[in-house]
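Listed below are the residues making up each chain.
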Amino acid sequence: MPELPEVETILRSMKPALEGQYITSIEVKRPDLRTPFPPGLSTIPLHKTVIQLRRRAKYILIDFQHGWSLLIHLGMSGRLFIDPASQNIPPRRHEHLVIWTNNGHRIGLVDPRRFGMVCLFPTDQEAQQPQLKHLGVEPLLNTFTPERLATLCATTRMPIKNALLDQRKVVGLGNIYVCEALFKARIHPAKAAADLTRKEIRRLHGFVREILQAAIAAGGSTLRDYVRTDGQPGAFQELHLVYGREGEECPVCRSENRHSVIMRIAQSGRSTFFCPHCQKNPHK
Ligand SMILES: [Zn+2]
């Protein structure tokens, strides 16, 4: 599933095709993804200047001049491809939506598993949108401070891994980046969020941002489905230190001449990767 850095990478490459431009045509090739395509999708956004593209959590938002916004969520397997409209693109399998712009771009939404979602709503009703109204703080904005993270952690006994995945607290962090940030911050993933020390909170806050920024700079992580809008994979997966590395030597321990192997445990049904030496179990 694309996480914050992958959605941000896609968003940034869509901006030149759409910002200040307008959509000339939208072709809807099936009635639905996870939810039905909204009525008016192929008419309401047409010929209205796109004011801006934004990201909220893992949602891409396109704001139009006449007060409407289009929301795109890529679900598990959604991809967006941007091609020159003049090029003869061979049909892509599972392409369910195509957007043409006045400046000669063709944007195709491909989603084999169809867990994605497209919504259309008046921009001034954004706060009431069911997908958006319960979302927590954006980790790359200045509103995400160590103090804010401390407050979010102080109120819950849930493991810090699960607390960071809770979109009502902090948005956009998925399994990969939570595992990587906890490893860098040397915090055991099962430690109760409320038990984190001030030092641990500061380290975690810093590494959450550092890892997200590094991942965006690398064009995101490609494990299964995610590709950039030019069809190329991201490169950050090569920089994962623990995610997907069960049984490999911990790079930090190796550099300090210790032997420790990355372990995988399940937390709420999802894999967590960590180093049992660098990230000490709080219960031992
Ligand atoms: Zn280690």
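Predicted, not measured: the structure shown is a model, and the values here were computed from it.

(A) Just the UniProt feature "active site" (unreviewed entry) in the protein, in detail. With numbering matched to this structure, UniProt assigns "active site" (unreviewed entry) to Pro2, Glu3, Lys58 and Arg270. Locating Glu3 in the fold gives a position in the segment before α1 (4–18). Assessed through its relative accessible area of 5%, Glu3 is described here as buried. Among all residues touching Glu3, those that are not within four sequence positions of it are Lys58, Gly172, Leu173, Gly174, Asn175, Ile176 and Tyr177.

(B) How the structure looks around the coordination of the zinc ion. Taken together, Cys250 (SG), Cys253 (SG), Cys275 (SG) and Cys278 (SG) make up the protein donors of the zinc ion, found 2.2 to 2.3 Å from the metal. The coordination sphere of the zinc ion comprises four donor atoms, whose angles at the metal cover 106 to 112°; the geometry is tetrahedral. Since its relative accessible area comes to 0%, Cys250 is described here as buried. Judged by its relative accessible area of 0%, Cys253 is buried.

(C) Focus on the packing of aromatic side chains. Taken as a whole, this structure holds two aromatic pairs when the rule is applied. Taking the centre distance of 5.1 Å and the plane angle of 65° together, the rings of Tyr243 and Phe273 count as edge-to-face. Placement of the pair is Tyr243 in the loop between α5 (198–217) and α6 (251–255) and Phe273 in strand β10 (residues 270–274), with a sequence separation of 30 residues. The side chain of Arg92 reaches across the aromatic face of Phe81, ending 4.1 Å from its centre.

(D) Broad picture of the side chain of Asp63. Mapped onto the elements, Asp63 comes out in strand β3 (residues 59–64). Separated by 2.6 Å, the side chains of Asp63 and Ser69 make a polar contact. Those residues in contact with Asp63 that sit more than four places away from it in its chain are Thr49, Val50, Ile51, Gln52, Arg54, Trp68, Ser69 and Thr123.

(E) Just the domain arrangement of the protein, in detail. Split into domains, the protein comes out as domain 1 (4–128) and domain 2 (146–274). Taking only C-alpha atoms, the centre of domain 1 and the centre of domain 2 are 29 Å apart. If you look at the interface, domain 1 gives 17 residues, while domain 2 gives 18 residues. With both chains or domains summed, domain 1 and domain 2 bury close to 1500 Å², and 64% of this area falls on carbon and sulfur atoms. For the pair domain 1 and domain 2, the number of links is zero salt bridges. Seen at the junction of domain 1 and domain 2, the total is five residue pairs in polar contact (both at pLDDT 80 or more). The dominant element in the side of domain 1 that touches domain 2, judged by the number of residues it contributes, is α1, at eight residues. Tallied by class, residues from the side of domain 1 that touches domain 2 come to eight nonpolar, three polar and six charged.

(F) Local environment of helix α4 (residues 175–184). Buried residues dominate α4, accounting for nine of its ten residues. Looking only at α4, the buried set comprises Asn175, Ile176, Tyr177, Val178, Cys179, Glu180, Ala181, Leu182 and Phe183. Against the buried residues of α4 lie α1, α3 (160–165), α5, α6 and β10. The positive-phi residue at the C-terminal boundary of α4 is Arg186, with phi of around 60°.

(G) Looking closely at the UniProt feature "binding site: DNA" (unreviewed entry) in the protein. Here, UniProt's "binding site: DNA" (unreviewed entry) annotation points to His94 and Arg113. A stretch of 20 residues holds the annotated residues, and the largest C-alpha distance among them is 8.6 Å, short enough that they meet in one place. Within the element layout of this structure, His94 appears in the loop between β5 (79–84) and β6 (95–101). Those residues within four positions of His94 in sequence are excluded, and the remaining contacts are Leu109, Val110, Asp111 and Pro112. With respect to the helices and strands, the residue Arg113 is situated in the loop between β7 (105–110) and β8 (117–122). Here Arg113 falls in the partly exposed class, since its relative accessible area comes to 47%. Other than its neighbours up to four places away in sequence, Arg113 contacts Met76 and Ser77.

Criteria and thresholds
- Residues numbered from 1 in each chain as written.
- Predicted model: local features only at pLDDT ≥ 70, side-chain atom pairs only at ≥ 80, totals over all residues.
- Heavy atoms only, no water.
- UniProt positions renumbered as here; feature names shortened; annotations may be inferred.
- Helix = DSSP H or I, 4+ residues; strand = E, 2+ residues; numbered from the N terminus.
- Buried < 20%, exposed > 50% of the residue type's maximum accessible area, 1.4 Å probe, protein only.
- Contact = heavy atoms within 4.5 Å.
- Donors = N, O, S within 2.8 Å, 3.2 Å for Na, K, Ca; no water.
- Tetrahedral: all angles 85-135°; square planar, octahedral: opposite > 155°, others 65-115°.
- Phe/Tyr/Trp six-rings, centres within 6.5 Å; stacked < 30°, edge-to-face > 60°.
- Lys NZ or Arg CZ within 6 Å of the ring centre and 35° of its normal.
- Polar contact = N/O pair within 3.5 Å; in protein donor to acceptor, adjacent residues only side chain to side chain.
- Domains from an automatic or database assignment.
- Buried area = accessible area lost by both parts, 1.4 Å probe.
- Salt bridge = Lys/Arg side-chain N within 4 Å of Asp/Glu carboxyl O.
- Nonpolar A, V, L, I, M, F, W, Y, C, P; charged D, E, K, R; others polar.

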